[in-house]
Structure formats: C-alpha cells, structure tokens
2 protein chains.
Amino acid sequence: MHDAGTLLLSLFLIFTTAKVAAELFEWMRQPGIAGEILAGVLLGPGVLKLVEPNELLTAVAQIGVLFLLFRVGLEVKASELIRVGPTATLVAVLGVLVPFTGGWAVLAYTGAARIESLFVGAAMVATSVGITARVLAERKLLQERASRVILAAAVIDDVLGLLILAIVSGLSKGQINYLELGGTALLAIGFMFLVVRFGARATGHVIPLLEKRLHASELQFHLALVLLLGLSLLAQYAGVAAIIGAFLAGMTLSETVSVRVHVLSAGVSEFLTPFFLAGIGLNLDISVFAKQNTVILALVILAVAIISKMIGCGLGAWKLGRSDMFRIGAGMVPRGEVGMVVAQIGASFGVISKDLFAVVVFMAVATTMVAPALLNIAWRSNGKPAASSVLP
Amino acid sequence: MHDAGTLLLSLFLIFTTAKVAAELFEWMRQPGIAGEILAGVLLGPGVLKLVEPNELLTAVAQIGVLFLLFRVGLEVKASELIRVGPTATLVAVLGVLVPFTGGWAVLAYTGAARIESLFVGAAMVATSVGITARVLAERKLLQERASRVILAAAVIDDVLGLLILAIVSGLSKGQINYLELGGTALLAIGFMFLVVRFGARATGHVIPLLEKRLHASELQFHLALVLLLGLSLLAQYAGVAAIIGAFLAGMTLSETVSVRVHVLSAGVSEFLTPFFLAGIGLNLDISVFAKQNTVILALVILAVAIISKMIGCGLGAWKLGRSDMFRIGAGMVPRGEVGMVVAQIGASFGVISKDLFAVVVFMAVATTMVAPALLNIAWRSNGKPAASSVLP
C-alpha cells in the first residue's frame, strides 16, 4: 500500500507540474512540450528531488508514448508513407551516417577509446519520433509532405539504429556475428514491410467482419487496443522499438476505425503523454555541470548532434527544396529516450564512463527540448501561423 | 528493456484474454465482467502460469479502477447522494455489522484464534464498489434510487471498514489507541463531508474562471485529471481508499464538465479496467482446493459472505421495499481487491495462516464474480431488459 501511495503522489506531481509548465511556456510563446520536459528536470533528483525515477513511472511513460504514436499513426495512410519511401530512405541513411561520424570524430579527437567513440556515435544516431510527432499533430501539420517524410524516415531510421547498435555492441564484445546481423536486419525489415504493405487491407477486411458477429460495446476500440498492444509486442520481438509497432498499428487502422476510436485513444494519450515527456527530463543527471571540461564536451556534443542531424537529413531531402529540407532536418533532431537507451547499453557493457554517460543523456534531453522550437521556426518560414490545436 | 518487454506481453495477454472471455460470457448470457475476472484466474499462477502478478500490473490495475470510479462519479450529483444519506448510512452500518459477526462466528466455531476470527470478519466487511459501479454504468442504471443508495453506502462503508481494520490491527498488536482512532475517524469523515458538501460548488466556480484565463487544448480534461489524482491522493492521506477520492472527484465535476471529458475519461477506463478485473482473478490461489477441509471452509465462508451482506444491507434498506432491498444487497456483495488487502494486512502481521489467507482471497474473488449475476437477477425482477450499453 505504501508503494501505491508513492505512485499516486508522483503521478499527481508530474501531471500537475507538467501542465502548469506547459501553460507558462505557451504564455512566453515557447513550446509547451519543452516545458513538460523541464518539469521532469525540476521534480527529478537533480533539482527538487520530489520524484525518483523508477520502474513504475518508466512503465507508465512507455505506455504513454505507445498511445502517442498510435494516435499519430491513425492520421497517416500507408499509401502516403510508401509514396515518400525513396526520399525517406535517403533522409534516414544520411541522417544516420553524418551524426554517427560526427559523434565518433568528436570523441576520437578528445582521445577517447575507440569503442567509447563508436558508442557515442551510435547514441547520436537515435531519433525519438515521439516529440516531433506530438508537435506536428498539435499543429495539424501531419498531412504535409515534410511530415510524411519525417515519419517514414523515423521508421527506417529505427532499423538502421538497431543495426548500428548491434554492430557496436558486437565490437565491444570483440566479435561481430554477420549471420546474426543479417538475420536481425531481415526480421526487422520483413516485419515492417508486411505491416505497411498488407496491414491496412487485412484490418479493413477483418474488423467489419468481427463487427457483424460480435456485439460488445466499444468493440472497435477494444480491437484497436489489441492491435496496438500486439503490434508493439511483435515489433519488439522483431528487434525494433515498440513505438514503431504502435505507429504502424495506428496507420493500419487509419482508414477503418470511427472518430470515436480517435477520441477514446486521445483520452489515454492526453493522460499519459506528460509522464513520457517529464520522464525524459527526470533522467537528466546534472552532475554533467560539475566539471568545466565535461560542460564544454557536453555543449560541443549537443551542437554536433543538432547540426549533423540537420545536415544529414536535410541533404537527404535535397530534391524537396530548402524549406522542406529545414523542416525534415529539424524534425529528426530529438534523440529523447532512444538516445538514452543506447547510452545505457554502453554503460551496462562498461565501455562508457559515468561522465560520458551524463553527457550523452544531456545531449538526448537538450536535443529534445530544442526540437519543438526548431520545428516552429522551420514551419513559420512558410508564413503559417503557429496555431495550437489538437487531434480529434 | 527486458522488463518493458515482459510488461507489454502481460498487457497484451490480459487485455486480449479478458475481452475474449467477456465476449464468450455475454454469448452464454452471463455477465462479461465475470469472464474478465476468470481470464485473470486462467492466465495467473494457478492455471496457465502465463502472467505473474507483479507491482507494475498492480499499479496499472489501481490506476484503472480510479478511472472507473471517476467515470461513475461523473454520472452522479452530490445532491442526489446527500438525499439518500440516511438510508445509505443504515445500509452501510448493518452491511458492516452482519458480515463481521458472520465471519467471526464461522471462524470461532472452527476453533480459530480470536484475532484470526476478527481479521476474517474484517475482510468480510469490505465492499469493492468498482464491480457494481461498472455493472450499473454499463446497464445505464446509475440514475436509479437503489444505485444512489449503493454508491452512498459504499462511501460510508469505506470509512467503517477503515475503523474496523484499525481496531482489529490494534488488537493484533495488543493495544488500541482510542485517541488515534478518533482522529482517524474525524479525518476521514471530515474529508468526505467537505468534498461532498462544497466540492461541486468550488469546481463550478473555479473551472470556468480558469477556462477564461488559460487556453491550452483539452484544458477541461487536464483540470479534471488534476482533480482526480489530487482527490485520490488526499483520500489516501485521509485514510480512506483512493477510489473513493476518484469517485468524489467525478461527482464534484458532474455538473461542470463537457461530454468530451466524459468520452476522454472513458478511453482511459476502457483501456485500463480489464487489468483491474483480471488482476482480481490473477491473485486467486488455487491451493485452497488442495485440502478437503479448506474447500468446505471456503464454501461456507463464501455462502456466509454473500448471505450476510445481502441480509445486512437489505435490512438497512427496509423502507424502500423488497425489490430495492434485493438490489442494494446484491450491489454490496463484491469484496474484490478491498477484501484481499485486509487479508494481506492480516497475513503481514502473521495472524492469518496461509490456508486461511487463500480462503479469504477465494471469498473475495468469488463474491466479485457472483455479484454481476445477482445484480442482473435483482434488476430483471423489475421487468427491465438486460440491455448492454455504455456511458457516453
């Protein structure tokens, strides 16, 4: 019972602080999302020490980001994602190569061990599509070409990140199993291909059929939830992130389910998203600011992380013109929880020092906080107002 | 990351199995809720061993039942609860005294220790209003007089249960601190009185005021969530169950918030309620069926639990006539998670044996599974069809 009380207190503190911070940020004409992340930093072990990051909060945050991506998926048709496929592939590939090289080069220059440099490079590769998706959805920009490219590139990026992490992890253990690597790639790509290519058609057949036979109330929503949880799980088994499965589940249903399913899903994501956002901030370790050298390294890494991703992804979208290049580059900047996971794996192998771990987490949090502002600038250049609105 | 995968698998298995079981039960003209509880028994350690009850699932279930009660609260006006106050008080008091005496008497007859008999009596007192609330809401019966009495009595019952538990716990430690007991009672009653009496008026003033000043999207829902989490937390600090706070939060908002808030809340509760229901079943320990003596004791305790609650609560509602007496008695039968918590406290004090613990958990699960069917019978006697429908 004590734990339940603590959880409830944490939920109350995080939700309330995040929403107050978001309101304050909006009032200062800053992105509310950055405020919600900052709320996590404030409440966390670094500053007020009111909330301890723990397994329960992590679980709540993870369920939250699943619903966030599911809801975004509901707004996207598979055909639209396939159409931007070639551009998105180029964006993803260059958006992986440039930051990886950048991160590796900075660390190598400081004289770090080879494997440490490679791990930091791998952490720079990660893209956390949740933040960008939230901004685009809130501003009703999901139907724009640049948004489609970002979402498709994020899906491909996830597979590439998986492979790079597998290679770097293999190197840290002294050997790479190429057969296993090929199997991993095949499984991940096969899973995505099957869902993107046939998912919408399958649900388009099966759901109306089930609706004729079953009569439970809220049946469509329950079926949607089964697909959401099932595809997230399968994605994880296929080696890619659960959120990619959640996104694909939403996309698969985008042409089948009613508006009511959108609103019911919105209820869950509105409740849980603040825990995902603040959860990113909760993990920031401010010990990074204790030594001057570490501060400098952190700032350099942050700058390289932002610039390299924008250049890499931007170059990949060369054909779409300068303003879409900027938008796509900005949309791929946040490293969020994905960058942290890579750093954690490196730390668990004992190949990343404690200081460097804090630097990478700082980079992940800071890129995530900067991205909404970058996206606002990128889309403002079109002359569109930064209206705040929501999904149905 | 391993834990996240396990959690996702558990969530998928529980949600899917619960919904399939509910559908099967409805098809057999049995209450779907009983099916969802049975799904938990099936998946749990007793049968298929696919899902291990753990802290994460408990947390998800607890958040789920908060939203379930919140949603029920949204359908109830404070004034309607106050109007049935005197009857509800009588229902609650007799619904506590008769089962407590019944449980104590059975155990005393078997020659159990005094403190053990008292603890079983205390576990028989508990009422889990979540199940009844779900049935009444699904069948759109929340506006009926008997439903009001059940909800009000459940609130009062919670305070009485708290006091009995405090007394029994004190006895097991060898002393009762009457001053502390008085303080506990005063705090719990004071909290409820303030919220029921002034809550609706306060939110009716404050929410429109905030809506004029703030412009965040889904503001009403966010404010509702802050109140839900805040009052659940305060309820816990005041010594009563968090779900009572959640119910009162909903009631406080019932005349203020828009239909959209109802639907968004429904999204969360539709997603999470199966984990609450199956979670009850997950905890069933089938070792109770290993010894013949234990089986007999379990069946006797179950019978006494059902009959004593129906007689006690029914007598309290004497003035309302026979059919409402039956409905109110049936509605108070489920012991659910509340009965389990009392048994757990007894076990943690070392005053309840392992076998008896399993018997009490069996009683809690079985009363909960029987209640929806009892409610169906009780309301069918009115000639109303058992139509399955939902909240907005």
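Now for a quick tour of the structure.

### Comments concerning the relation of the copies chain A and chain B
No. 1: Least-squares fitting of chain A to chain B yields an RMSD of 0.0 Å, with the superposition described by an axial translation of 0.0 Å and a rotation of 180 degrees. Both copies are brought into coincidence by an operation consistent with a two-fold rotation axis.
No. 2: Interface overlap between copies is the fraction of interface residues in one copy that are interface residues in the other; for chain A against chain B it reaches 100%, indicating a shared surface.

### Let's talk about unusual backbone geometry
All names here are of chain A.
No. 1: Positive phi outside glycine occurs at E218, with the angle close to 60 degrees.
No. 2: Turning to its location among the elements, E218 is positioned in the loop between α9 (178-213) and α10 (219-237).
No. 3: Judged by its relative accessible area of 12%, E218 is buried.

### Things to note about the nonpolar core
No. 1: Ranked by internal contacts, the top residues of the largest apolar core, which has 285 residues, are F247(A), F271(A), F247(B) and F271(B).
No. 2: Beyond its immediate stretch of four places on either side in the chain, F247(A) contacts L69(A), F70(A), V72(A), G73(A), V76(A), L81(A), L151(A) and V155(A).

### Overview of the side chain of T127(A)
Residues and elements named next belong to chain A.
No. 1: Mapping T127 onto the fold places it in the loop between α6 (114-125) and α7 (129-138).
No. 2: A relative accessible area of 7% means that T127 is categorised as buried.
No. 3: A polar contact of 3.2 Å, which involves the side chain of T127, links it to the side chain of D157.
No. 4: A polar contact is formed between the side chain of T127 and the side chain of K309, at a distance of 3.1 Å.
No. 5: With residues up to four places along the chain from it excluded, the contact list for T127 reads D157, K309, M332, P334 and V338.

### A few points about the packing of aromatic side chains
No. 1: In the structure shown here, the tally under the stated rule is 12 aromatic pairs over all chains.
No. 2: Taking 6.5 Å as the distance between ring centres and 90 degrees as the angle between the ring planes, the aromatic pair formed by F193(A) and F198(A) counts as edge-to-face.
No. 3: On the accessibility criterion, F193(A) (49% relative accessible area) is partly exposed.
No. 4: A centroid spacing of 6.2 Å and a plane angle of 40 degrees characterise the contact between F15(B) and F275(B), whose relative ring orientation is tilted. Here F15(B), found in helix α1 (residues 2-27), pairs with F275(B), found in helix α12 (residues 259-282); they are 260 residues apart in sequence, far enough to count as distant.

### Re the interface of chain A and chain B
When the parts of a complex come together, some accessible area is lost, and that lost area is often taken as the interface size.
No. 1: In this assembly, 49 residues from chain A lie in contact with 49 residues from chain B.
No. 2: Together chain A and chain B conceal approximately 4400 Å² of surface at their shared face, both sides included; 76% is due to carbon and sulfur atoms.
No. 3: Interface area lost by chain A to chain B is led by L8(A), L229(A) and F271(A), which between them contribute 15%.
No. 4: At the junction of chain A and chain B, the tally comes to 0 salt bridges.
No. 5: At the surface where chain A touches chain B, the tally comes to 2 residue pairs in polar contact (both at pLDDT 80 or more).

### A closer look at the pattern of salt bridges
Where side chains of opposite charge bring their charged atoms close, a pairing between them can arise.
No. 1: A complete count under the given rule lists 22 salt bridges over all chains for this structure.
No. 2: Between R327(A) and E144(A) there is a salt bridge, with the nearest N and O atoms lying 3.9 Å from each other. Here R327(A), found in helix α14 (residues 322-331), pairs with E144(A), found in the loop between α7 and α8 (145-172); they are 183 residues apart in sequence, far enough to count as distant.
No. 3: Under the relative-accessibility criterion, R327(A) is labelled buried at 4%.
No. 4: Judged by relative accessible area, which is 19%, E144(A) ranks as buried.
No. 5: Note that R260(B) and E218(B) form a salt bridge whose closest N and O atoms lie 2.8 Å from each other. Pair noted here: R260(B) is in helix α12 and E218(B) is in the loop between α9 (178-213) and α10 (219-237), with a separation of 42 residues, a long-range link.
No. 6: A relative accessible area of 30% places R260(B) in the partly exposed class.
No. 7: Connected through salt bridges with shared partners, the residues R71(A), R134(A), E138(A) and E270(A) form a single ionic network.

Criteria and thresholds
Residues numbered from 1 in each chain as written. Chains lettered and ligands numbered in written order. Predicted model: local features only at pLDDT ≥ 70, side-chain atom pairs only at ≥ 80, totals over all residues. Heavy atoms only, no water. Least-squares fit on C-alpha atoms with pLDDT ≥ 70 in both. Contact = heavy atoms within 4.5 Å. Helix = DSSP H or I, 4+ residues; strand = E, 2+ residues; numbered from the N terminus. Buried < 20%, exposed > 50% of the residue type's maximum accessible area, 1.4 Å probe, protein only. Core = buried A, V, L, I, M, F, W, Y, C linked by side-chain atoms within 4.5 Å. Polar contact = N/O pair within 3.5 Å; in protein donor to acceptor, adjacent residues only side chain to side chain. Phe/Tyr/Trp six-rings, centres within 6.5 Å; stacked < 30°, edge-to-face > 60°. Buried area = accessible area lost by both parts, 1.4 Å probe. Salt bridge = Lys/Arg side-chain N within 4 Å of Asp/Glu carboxyl O.

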